[in-house]
Amino acid sequence: MLKRAALFLFCLTLSHAAIAEVNLIVIGGELKRTPVAVVPFGWEGQAAQAPLDIAKVISADLYRSGRFAPQAERDMLQKPTTGAEIDFGDWTILGVEALVVGKVIQVDANVYKVQFRLFDPIRQEQIYGYEFNASRGTMRRVAHRAADRIFEELTGIKGVFATKVAFVSAQGQGDNSLYRLVVADYDGENEAIVMESRDPIMSPAWSPDSRRLAYVSFEGNKSAIYVQQLRTGNRIKASSEPGINGAPSFSPDGRKLVITLGGVDGNLDIYILDLATKRKKRLTTHRAIDTEGSWSPDGRYIYFTSDRAGGPQIYRISTNGGTPERITFEGSYNARPRLSPDGKKLAVLTLDRGNYRIGVVDLRNKQLFVLSTGQQDESPSFAPNSEILIYATRQSGNGVLETVSADGLIYQRLEAGDGDVREPVWSPFER
Amino acid sequence: MSHSKILLLTLGLFAMAACTAPTVPDPEMTEAAGSAESGADTSAYGSGGAGGTELAAEDSYAGELATTIYFDFDSSEVRADDIDIIARHAVQISDDMRISVRLEGHADERGSREYNIGLGERRAQAVRRLLLLQGVAAGQISTVSFGEERPAAFGSGESAYSQNRRVEINYTN
């Protein structure tokens, strides 16, 4: 199901062969990686080996962050599983600046404890230690959570290794078209098909609690907005007005959607839909295209795309209504606004010298910084830590997913989905 | 307005459109679009002959009337040739109140997906307005925009793009 990709390193050295199976390929980067080591975890249990190679998952996460160079297992001079066993000299000689050791202990048929400790080999002291409870089913997630904690201790930035990504894939043409709404771990593992249709699916959006997805489906050749529970698969039809029902995005409290309605006469405007009462409030009335509404994290504004001035540009309007304020002025085409969860940056699709690329607007000074390098990149979405963006780009005619750090220093490709993959959206942090 | 009046009005518009329709292909038209439309034109004029027989010919060439209207880049303006084709559809549709049509607007793949839904809808509405102007009842027309989600031609480049910027007139019963 998943493509197992080899590693391609364009700008980095080939010293990270320890990670054989990854779905994220580093395709560029300028940051110097910090050497670290995640020692294979010890195992205390009935079977010959632990249900999952935790160290391998943590190493892969740290590597994919673009900030760390995990030591290959074969180069390790020792393989301690507790702090007492560590000979720090064996690690400082390799230049390792952070060391992770740990073990998996089976306490019942499907009950495990995952312990890990993070050490500074130079100062010869423990930086952090934690013990998770796990089952076989949750062990991969626990490994990602451990990586999150390690990453945050080392960088001060919250890790996103335990988050998910939703995207749409399209296969076939004409009557053989098949559209899928897919959710996968951030690294492309554990793909699950949320919804499948012969008619187009588009514009997935996460609820703030990451338990629901809103999306647009064209079942029966009509557009409608659905909200689907991920755990049960149950869904409600949130909007099926005549004409366009599009571009859903959740409010920060998860109770409302901002949507686009076109009506019978096709004048696209921004509306707020209360999911409980089904009541709609119209925010814009201009006869231009107003669409792609996105809630600001503080809940006060809707950022949206409008071509009221000719070409599409980003505007914002108070959720109480009023006169929209134009946000983007650089370039002839800026669309699909998405706020960073910290509210400081705005990701857009921007026309950059003939190419559609991902740009980030610094909302303090309104400066636009182009991040991607493709010809037809689209659908930027911020990771919940505001430090990484995911977007779709084209490779040999097909859509593929890439991530880029918000500073533009680290690019990676995510091998996920089959066919033409598009519209990735990063989940919020799990609550 | 009575049905016969609508019909008369439509016929008048149709006749005007037929008389003024350019016989020279639009230079901006692409190969694919041009051939599809000239095919429809050929059968129309061939079977129709001089002005007065056009109503009789209507039914006989109904099946061959082009159902796809193409648009220029970043435009929702119906090309002059296509006004004639839409007029003929208007006659057919307003002639039988049981007929309903779905106008499916499409855009090429460049740019943002939801904004392209808007562009596709603009094109569908341009065709809808012409149908309404020519007497088709609003209740007989629905519009849907697929944006770039259902391309007619795959691949990147103007030859594919020009086939994808379109409105399909879909008779639903």
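These numbers were taken from a predicted model, which means no experiment stands behind them. Within each chain, residues carry numbers counting from 1 in the order of the written sequence. In the order they appear in the text, chains get letters beginning with A and ligands get numbers beginning with 1. Predicted model: local features are reported for residues with pLDDT of at least 70 only, side-chain atom pairs are reported and counted for 80 or more only, and whole-chain, interface and lining totals are derived from all residues. In computing side-chain properties, one takes all heavy atoms of the structure into account and sets aside hydrogens as well as water.

Chemist: I keep staring at the environment of T92 of chain A and nothing clicks. Help me out?
Modeler: All names here are of chain A. Helix and strand definitions follow DSSP, with helices as H or I runs of at least four residues and strands as E runs of at least two, each counted in order from the N terminus. Here T92 shows up in helix α2 (residues 88–92). With a 1.4 Å probe rolled over the protein chains alone, any residue whose accessible area is under 20% of its type maximum counts as buried; one over 50% counts as exposed, and the rest are partly exposed. On the basis of relative accessibility, which here comes to 36%, the residue T92 falls in the partly exposed class. Between the C-alpha atom of T92 and that of V160, which follows or precedes it by 68 residues, the distance is 28 Å. Note on contacts: a residue pair is in contact if any heavy atoms of the two residues lie within 4.5 Å. Residues in contact with T92, not counting those within four places in the same chain, are P121 and I122.

Chemist: Help me out: how do you make sense of the domain arrangement of chain A in this one?
Modeler: Put simply, an interface is often sized by how much accessible area is lost when its parts join up. With domains assigned, chain A is organised as domain 1 (2–21 + 162–426) and domain 2 (32–155). Look at where the C-alpha atoms of domain 1 of chain A and domain 2 of chain A centre, and you get two points 35 Å apart. Each domain's extent was defined by an automatic or database domain assignment.

Chemist: So what exactly am I meant to see when it comes to empty space enclosed by the protein here?
Modeler: Over the atoms, a rolled probe matching the size of one water molecule traces out where space is still vacant. Cavities and pockets are defined on a 1 Å grid built over the protein atoms alone: a cavity is a set of grid points where a 1.4 Å probe fits but cannot escape, while a pocket is an open set with protein on both sides within 12 Å along at least five of seven lines, and lining residues are those with an atom within 4 Å of any such point. Grid points are joined across faces, edges and corners, and a volume is the space filled by probe spheres set on the points. Enumeration over the complete set of coordinates arrives at nine cavities of 30 Å³ or more. Put simply, the largest cavity is a space of about 220 Å³. For the largest cavity, the lining is made up of 19 residues, of which R64, S65, V160, I388 and Q412 of chain A are closest to its centre. Put simply, the parts of the chain that give the lining of the largest cavity at least two residues each are β29 (398–405) and β30 (410–414) of chain A. In terms of residue count, the dominant contributor to the lining of the largest cavity is β29 of chain A (three residues). Both domains that furnish three or more residues to the lining of the largest cavity are identified here as domain 1 (2–21 + 162–426) and domain 2 (32–155) of chain A. In this structure, the second largest cavity spans a volume of roughly 90 Å³. For the second largest cavity, the full set of lining residues is S203, P204, A247, P248, E292, R336, R338 and E423 of chain A together with S112, R113 and E114 of chain B. Put simply, the parts of the chain that give the lining of the second largest cavity at least two residues each are β11 (201–206), β15 (245–250) and β23 (334–339) of chain A together with α5 (113–133) of chain B. Classifying every residue of the lining of the second largest cavity by side-chain character gives three nonpolar, two polar and six charged. Ten residue types, Ala, Val, Leu, Ile, Met, Phe, Trp, Tyr, Cys and Pro, are classed as nonpolar, four, Asp, Glu, Lys and Arg, as charged, and the remainder, Gly among them, as polar.

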